[in-house]
Amino acid sequence: MSRSSAISADHKKVFEVPAGLDPLRMPDHIAVIMDGNGRWAKARGLPRIMGHRAGVEALKTTLRLCSDWGIGALTVYAFSTENWSRPGDEVNFLMALFERVLQRELESLQREEVCINFLGDLEALPERLQDLIAEATELTSTNEGIHFNVCTNYGGRRELVLAAQKLAERAAKGDLDPALIDENVFAAELFTSTEVDPDLLIRTSGERRISNFLLWQLAYAEIHVTDVLWPDFDASALTHALLDYQSRCRRFGGLDPIESDHLSS
Ligand code: FPP
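In this report, the structure presented in the accompanying data block is examined.

So, how was this worked out
- Residues numbered from 1 in each chain as written.
- Predicted model: local features only at pLDDT ≥ 70, side-chain atom pairs only at ≥ 80, totals over all residues.
- Heavy atoms only, no water.
- Salt bridge = Lys/Arg side-chain N within 4 Å of Asp/Glu carboxyl O.
- Helix = DSSP H or I, 4+ residues; strand = E, 2+ residues; numbered from the N terminus.
- Buried < 20%, exposed > 50% of the residue type's maximum accessible area, 1.4 Å probe, protein only.
- 1 Å grid on protein atoms, 1.4 Å probe; cavity = no way out; pocket = protein on both sides within 12 Å on 5 of 7 lines; lining within 4 Å.
- Points joined across faces, edges and corners; volume = space filled by probe spheres on them.
- Nonpolar A, V, L, I, M, F, W, Y, C, P; charged D, E, K, R; others polar.
- Core = buried A, V, L, I, M, F, W, Y, C linked by side-chain atoms within 4.5 Å.
- Contact = heavy atoms within 4.5 Å.
- Pairing = 2+ DSSP bridges.
- Phe/Tyr/Trp six-rings, centres within 6.5 Å; stacked < 30°, edge-to-face > 60°.
- Expected span 1.5 Å × (residues − 1).
- Near = heavy atom within 4 Å.
- Polar contact = N/O pair within 3.5 Å; in protein donor to acceptor, adjacent residues only side chain to side chain.
- Areas by Shrake-Rupley, 256 points an atom, 1.4 Å probe, with all protein chains shown as cover.
- Sits in = over half its atoms within 2 Å of the grid points.

1. Quick notes on the pattern of salt bridges
Phase 1 of the analysis: One pass over the full model with this rule turns up 14 salt bridges.
Phase 2 of the analysis: Note that Glu-112 and Arg-64 form a salt bridge whose closest N and O atoms lie 3.1 Å from each other. With Glu-112 in the loop between helix H3 (88-111) and strand S5 (115-119) and Arg-64 in helix H2 (residues 48-68), the pair connects residues that are 48 residues apart, well separated along the chain.
Phase 3 of the analysis: For Glu-112, a relative accessible area of 34% puts it in the partly exposed group.
Phase 4 of the analysis: By relative accessible area, Arg-64 is classed as partly exposed at 40%.

This is the structure in structure tokens:
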């Protein structure tokens, strides 16, 4: 694959990216709904859990590519609050898989300076997994590489309700004037309080839904839906998503620069 790179005007480190991509216009934060593991397995006559196993490999590849291409944060939807309604065997397999992968990959995450965080209602997870999460979070907390956020037992509505509860408690105690609650105060109570909002949401397997993912944070994200099933998501699929992102004109509710020039002349 040929590559391109550039030196930014403010002399920030600029990463080598696949040819065709502008290294100065990479998203700071990518969010991913990793969908299609079950269908990938079914298409091969395999049990669904094999799709989840293959999904882990796609996730490792994506994390490394994002890190190599200078993307600051990757947030993935690993297990939603609704996923508990899946068959017990599948839920147990996923919990055991999270444990195994975390244990196995912790050393390389640390070596590659990844800062890992788990976002969601973590208290409902098996205790052993909670311990591993606490260990990985603590160990990698000062790493200066990519922020890797794994949404586990995560629901966007639940996150908003929890934030509202925390603000209400502070107000009831007299620590917060309700009139001072603005978007910044609200966002500071979310699981993502230390992250910039995602610039790009990628959803695999062709579904065109947000599925209760990062409802607040995705307000202005560009959305890329691909038919690729998550286990098949690779460098070429990520490049495609980034090319799509870079082709968009982000207006954040305003006008694009050409339109505003027309109006003011
Ligand atoms: C959705 O596909 C995928 C999941 C619910 C699980 C995703 C989890 C991983 C890829 C493992 C991540 C591991 C770590 C340690 C973060 P689906 O089962 O809904 O697929 P389908 O729509 O084809 O049935």
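From this point, things continue past the structure.
2. Observations regarding the layout of surface pockets
Phase 1 of the analysis: What the largest pocket holds in volume is close to 970 Å³.
Phase 2 of the analysis: Together, 43 residues line the largest pocket, and Met-34, Tyr-77, Ala-78, Phe-79 and Phe-98 are the ones closest to its centre.
Phase 3 of the analysis: Where the lining of the largest pocket is concerned, the elements lending two or more residues are helix H1 (37-43), H2, strand S4 (73-80), H3, S5, helix H4 (127-140) and strand S6 (147-154).
Phase 4 of the analysis: Of the residues belonging to the lining of the largest pocket, the class tally is 22 nonpolar, 11 polar and 10 charged.

3. Side note on the nonpolar core
Phase 1 of the analysis: In terms of nonpolar packing, the biggest core is built from 48 residues, with Ile-30, Leu-74, Phe-148, Leu-238 and Leu-242 touching the most fellow members.
Phase 2 of the analysis: Among the elements that take part in this core, H3 stands out by supplying 10 residues, more than any other.
Phase 3 of the analysis: Sequence-distant contacts of Phe-148, that is, excluding residues within four places in its chain, are made with Leu-59, Leu-63, Leu-74, Val-76, Val-114, Cys-115, Ile-116 and Asn-117.
Phase 4 of the analysis: Counting 11 residues, the second-largest nonpolar core is a separate cluster that includes Ile-33, Leu-119, Leu-214 and Ala-221.

4. Here we look at the pairing of strand S7 (residues 200-203)
Phase 1 of the analysis: Here S7 shows a buried face lined by Leu-200 and Ile-202 and a second buried face lined by Leu-201 and Arg-203.
Phase 2 of the analysis: Bridging between strand S3 (residues 29-33) and S7 involves four bridges; their strand directions are parallel. If you follow Val-32 over to S7, its bridge partner there is Ile-202.
Phase 3 of the analysis: Here S7 runs beside strand S8 (residues 222-225); their pairing, made up of four bridges, is parallel. Across the sheet, residue Leu-201 finds its bridge partner in S8, namely Ile-223.

5. Observations concerning the packing of aromatic side chains
Phase 1 of the analysis: Overall, the coordinates contain eight aromatic pairs when judged by the stated rule.
Phase 2 of the analysis: Ring geometry for Tyr-77 versus Tyr-154: centroids 5.9 Å apart, planes at 80°, classification edge-to-face. Of this pair, Tyr-77 sits in strand S4 while Tyr-154 is found in strand S6, placing the two residues 77 residues apart along the sequence. For the residue pair Tyr-77 and Tyr-154, the accessibility class agrees, reading buried in each case.
Phase 3 of the analysis: With centroids separated by 4.9 Å and ring planes inclined at 75°, the aromatic side chains of Phe-79 and Trp-84 adopt a geometry described as edge-to-face.
Phase 4 of the analysis: Phe-79 sits in the buried class, given a relative accessible area of 0%.

6. Brief notes about H4
Phase 1 of the analysis: Taking 1.5 Å of rise per residue, 14 residues should cover 20 Å, and H4 covers 20 Å from first to last C-alpha, within 8% of that figure.
Phase 2 of the analysis: Tucked into the core, H4 has its buried residues touching H3 and S5.

7. Overview of the site of the ligand
Phase 1 of the analysis: Near the ligand, the surroundings consist of 17 residues, among which Asp-35, Gly-38, Arg-39, Arg-48 and Arg-86 are the closest.
Phase 2 of the analysis: For the ligand, an oxygen atom lies 3.3 Å from a polar atom in the backbone of Gly-36.
Phase 3 of the analysis: One nitrogen or oxygen atom from the main chain of Asn-37 is found 3.1 Å from an oxygen atom belonging to the ligand.
Phase 4 of the analysis: Here the ligand, which alone exposes 630 Å², has 91% of that area covered by the protein.
Phase 5 of the analysis: In this structure the site holding the ligand corresponds to the largest pocket.
Phase 6 of the analysis: When contributions to the shell around the ligand are tallied by element, the ones reaching two or more residues are H1, H2 and H3.
Phase 7 of the analysis: By residue number, the principal contributor to the shell around the ligand is H2, which donates five residues.
Phase 8 of the analysis: Tallied by class, the residues present in the shell around the ligand amount to seven nonpolar, six polar and four charged.

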